[in-house]
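Breakdown of the fold
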There are 2 protein chains.
Amino acid sequence: MNTQSTTKPYVIGLDLGGTNSVFGIVDARGEIKATTAIKTQGYAKVEDYVDACIDALQVIIDEVGGIDLIKAMGIGAPNGNYYNGTIEYAPNLPWAHDCVVPLAKLFSERLNNIPVGLTNDANAAAVGEMTYGVARGMKNFIVLTLGTGVGSGIVINGQLVYGCDGFAGELGHVTMCRENGRLCGCGRKGCLEAYCSATGVARSAVEFLEKSTEPSLLRELDPQKITSLDVSIAASKGDALAKKIYDFTGKMLGEACADFAAFASPEAFIFFGGMTKAGDLIMEPIKKSYDEHVMPIFKGKAQFLVSGLDGSSAAVLGASAIGWEI
Amino acid sequence: MNTQSTTKPYVIGLDLGGTNSVFGIVDARGEIKATTAIKTQGYAKVEDYVDACIDALQVIIDEVGGIDLIKAMGIGAPNGNYYNGTIEYAPNLPWAHDCVVPLAKLFSERLNNIPVGLTNDANAAAVGEMTYGVARGMKNFIVLTLGTGVGSGIVINGQLVYGCDGFAGELGHVTMCRENGRLCGCGRKGCLEAYCSATGVARSAVEFLEKSTEPSLLRELDPQKITSLDVSIAASKGDALAKKIYDFTGKMLGEACADFAAFASPEAFIFFGGMTKAGDLIMEPIKKSYDEHVMPIFKGKAQFLVSGLDGSSAAVLGASAIGWEI
């Protein structure tokens, strides 16, 4: 975290999701001083979207004392490129699905030219953990976001890993099954995400139900509508099959982390996102599998942690943290 | 590379191998001004080894004009820990096989307290490529050393990746075969090194010869004595089976690099070590497999290069480059 100007105590965070765009004005301790939101959809042109954002933002900027108290803005967005502040070919954003949009520049121009940084949501989560969360003081750690997909933010030597193009840290797309792997949303087969995202857990549920006749609470549900939350609820009621699904998921995540340790030897793996609500159900199999698979030299060196950011505001806090970095 | 003092134009490099310890005094352009060597074995105590090193070194130090012209020393050594300058539990070094030896400190004390940095040979190779070789000017790249084992040195944001303990970058030990994988020297199964090191290629040769009756020049050799060089020679004579062995090896390296791209999105993969002498025989299948397996977003972004350091002095140049970094 850079030294913060004492005269500018706040940063703006924008968690730009497919449905909602949530803003927060945040101080250096991670306290959200004011917050607002607009719908992300419904704007054909990016200029219209930014106009609507600025209208909403202006209210909370005034609330905290005006733009002169704002040091910078950070944006966490799908397909966000840190190096040039653009959103590139984001399938779920009508104004960016077939082009490169200079979103950071557009916001900066409307906000007194304050610096605006932009990256994807998993990278924002990593900076958020380093700034306000469980990774404070850490120089080498990996955040894995377990949501609809599996994302990652990697910090090495105290810096986020962006790679040569700004898109490094796609750990959801390392190949875990080289033969007969599940088709992944990226078009390739056997990716970690195809198994260990919320969607992947739901697919595992269908597979597990099909390949055995073991009784399970999950059999009462329409297999095509089972979610990872259903599996988590069933497991928490002691359902053996549901537990096996989480064991399978955690085992694969542990194996993947063992490979990531060979790369970066981090001091912690930090899990973020909806699926972490399953708690020990997912964390215990991860740790067990990691211990079984990691190289002896790395054994016992990495902590396994759940995000320290408050769930409902974690994404906006993460985005805001980018503001302290630029 | 740090700014170099104009009054101290040289660094010392020590390539500490299991058999030989090779010294070079090197200038900022990577020109070796003087060189010498001693046998590594034959010393029960590390102090005796350092004594013998200093005796040999003193001659070449005098040759280039004395210790006052030497900025620092870099050591590339098995099980070298950069953070504390130690060699830790190195199986092939009698004076370090069951203990932690503060080798950097011992050398510094005998060399007018010049800074001495120490790391493993693959990391030294990476710094060597960045300082004098094909990675000059690059900020994000991965060196893979293909020798008796598979080692790696990873540079991200212009810095070597050491991780939380100094031992990051063990890419020879990511798991490529999760079922029925070959036993690796590290005690685990299915590691990249078990397939793509020189030893791994020799093992592949035995497997390929056993599982078919295809004629091959390799059948004239004692299967237990086949080396990767034999396979390379046979392939260069047009031997189809030998070519298949290199195709198999390159395919796996390409798949591994595709996973490494998802982690670090490097601008180059640089191959170093004896096996790179096979040239296109190994490089072409690597590139083909990488293109087939890498995420679309990373396609075409990374170069595939062979080390730019002169083979016979590459290791000592790499070690010396550590001297400019500290």
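Residues numbered from 1 in each chain as written. Chains lettered and ligands numbered in written order. Predicted model: local features only at pLDDT ≥ 70, side-chain atom pairs only at ≥ 80, totals over all residues. Heavy atoms only, no water.

Our next topic: the nonpolar core. In terms of nonpolar packing, the biggest core is built from 110 residues, with Phe260 of chain A together with Phe260 of chain B touching the most fellow members. The residues contacting Phe260 of chain B, other than those within four sequence positions of it, are Phe263 of chain A together with Ile142, Leu144, Leu171, Val174, Leu192, Ser265, Pro266 and Phe269 of chain B. Among the nonpolar cores identified, the runner-up in size contains 38 residues, and Ile12, Ile60, Ile61 and Phe107 of chain B belong to it. (Core = buried A, V, L, I, M, F, W, Y, C linked by side-chain atoms within 4.5 Å. Buried < 20%, exposed > 50% of the residue type's maximum accessible area, 1.4 Å probe, protein only. Contact = heavy atoms within 4.5 Å.)

Taken together, the contact between chain B and chain A spans 40 residues of the former and 39 residues of the latter. Summing both partners gives a buried area of about 3400 Å² for chain B against chain A, and 56% of it is carried by carbon and sulfur. At the boundary of chain B and chain A, one finds six salt bridges. For the salt bridge of Arg178 of chain A with Asp259 of chain B, the shortest nitrogen-to-oxygen distance reads 2.9 Å. (Buried area = accessible area lost by both parts, 1.4 Å probe. Salt bridge = Lys/Arg side-chain N within 4 Å of Asp/Glu carboxyl O.)

On to the packing of aromatic side chains, then. Taken as a whole and judged by the stated rule, the model has 25 aromatic pairs over all chains. An aromatic cluster is defined as three or more aromatic residues linked by ring pairs; in this entry it consists of Phe260 and Phe263 of chain A together with Phe260 and Phe263 of chain B. Stacked on the ring of Phe208 of chain B, the Lys or Arg Lys211 of chain B has its end atom at 4.4 Å from the ring centre. (Phe/Tyr/Trp six-rings, centres within 6.5 Å; stacked < 30°, edge-to-face > 60°. Lys NZ or Arg CZ within 6 Å of the ring centre and 35° of its normal.)

What follows is about the side chain of Thr175 of chain A. Looking at the element boundaries, Thr175 of chain A is found in the loop between strand S11 (159-160) and helix H4 (193-196). Residue Thr175 of chain A is classed as buried on the basis of its relative accessible area, which comes to 14%. If sequence neighbours within four positions are ignored, Thr175 of chain A has contacts with Arg188, Lys189, Gly190 and Cys191 of chain A together with Asp259 of chain B. (Helix = DSSP H or I, 4+ residues; strand = E, 2+ residues; numbered from the N terminus.)

Residues and elements named next belong to chain A. Reading across the sheet, the three strands line up as S5-S6-S7 and stay open at both edges, with antiparallel pairing between neighbours. What marks the edges here is a single partner per strand, and that holds for strand S5 (80-81) and strand S7 (100-101). Both strand S6 (residues 86-88) and S7 contribute to a ladder of two bridges, which runs antiparallel. Residue pairing in the sheet places Glu88 in a bridge with Val100 of S7. (Pairing = 2+ DSSP bridges.)

There are two copies of the chain, and a rotation about an axis plus a shift along that axis relates them. If you rotate chain B by 180° and push it 0.0 Å along the axis, it lands on chain A with an RMSD of 0.0 Å. Both copies are brought into coincidence by an operation consistent with a two-fold rotation axis. A high fraction, 98%, of the interface residues of chain B reappear at the interface in chain A, so the copies pair face to face through one surface. (Least-squares fit on C-alpha atoms with pLDDT ≥ 70 in both.)

With that settled, the discussion passes to the side chain of Ser152 of chain A. Residues and elements named next belong to chain A. Here Ser152 lies in strand S10 (residues 150-156). Of the polar contacts made by the side chain of Ser152, one reaches the backbone oxygen of Gly169; its length is 2.5 Å. Engagement of the side chain of Ser152 in a polar contact is seen with the backbone nitrogen of Leu171, the distance being 3.1 Å. Sequence-distant contacts of Ser152, that is, excluding residues within four places in its chain, are made with Ala122, Asn123, Val143, Leu144, Thr145, Gly169, Glu170 and Leu171. (Polar contact = N/O pair within 3.5 Å; in protein donor to acceptor, adjacent residues only side chain to side chain.)

With the rule as written, the count across this model stands at 24 salt bridges over all chains. Close ionic contact of Lys33 of chain A with Glu31 of chain A constitutes a salt bridge, the shortest N to O distance being 3.4 Å. Taking relative accessible area as the criterion, Glu31 of chain A reaches 46% and is therefore assigned partly exposed. Between Glu255 of chain B and Lys251 of chain B there is a salt bridge; the shortest N-O distance is 2.7 Å. Of the two residues, Glu255 of chain B and Lys251 of chain B both sit in helix H7 (residues 240-264), four residues apart, roughly one turn of that helix. Relative accessible area serves as the criterion here: at 42%, Lys251 of chain B is assigned to the partly exposed category. Shared partners join several salt bridges into a network, and the residues in it are Arg178 of chain A together with Lys251, Glu255 and Asp259 of chain B.

A few words on the confidence of the model for chain A. On average, residues of chain A carry a pLDDT of 94, and 98% of them reach 70 or more. Both scores are given for the predicted complex: the pTM is 0.93, the ipTM 0.92. (pLDDT = per-residue confidence, 0-100.)

Moving on, we get to unusual backbone geometry. All names here are of chain A. If you check the backbone angles, Ser265 has positive phi at about 40° while not being a glycine. Examined against the element boundaries, Ser265 turns out to sit in the loop between helix H7 (240-264) and strand S12 (268-272). Under the relative-accessibility criterion, Ser265 is labelled buried at 2%.

Here the focus is the packing of helix H3 (residues 121-132) of chain B against helix H9 (residues 314-325) of chain B. All names here are of chain B. Packing of H3 against H9 leaves a shortest axis separation of 7 Å and a crossing angle of 75°. As summarised for this structure, H3 and H9 are arranged roughly perpendicular, according to the angle between their axes. Between H3 and H9, the residues in contact are Ala124, Ala125, Val127, Gly128, Met130, Thr131 and Tyr132 and Leu317, Gly318, Ala319, Ser320, Ala321, Ile322, Trp324 and Glu325, respectively. Across the contact of H3 with H9, the residue classes tally to ten nonpolar, four polar and one charged. (Axes fitted to C-alpha atoms, helices over the stretch in contact; angles between N-to-C directions. Parallel < 35°, antiparallel > 145°, perpendicular 65-115°, else oblique. Nonpolar A, V, L, I, M, F, W, Y, C, P; charged D, E, K, R; others polar.)

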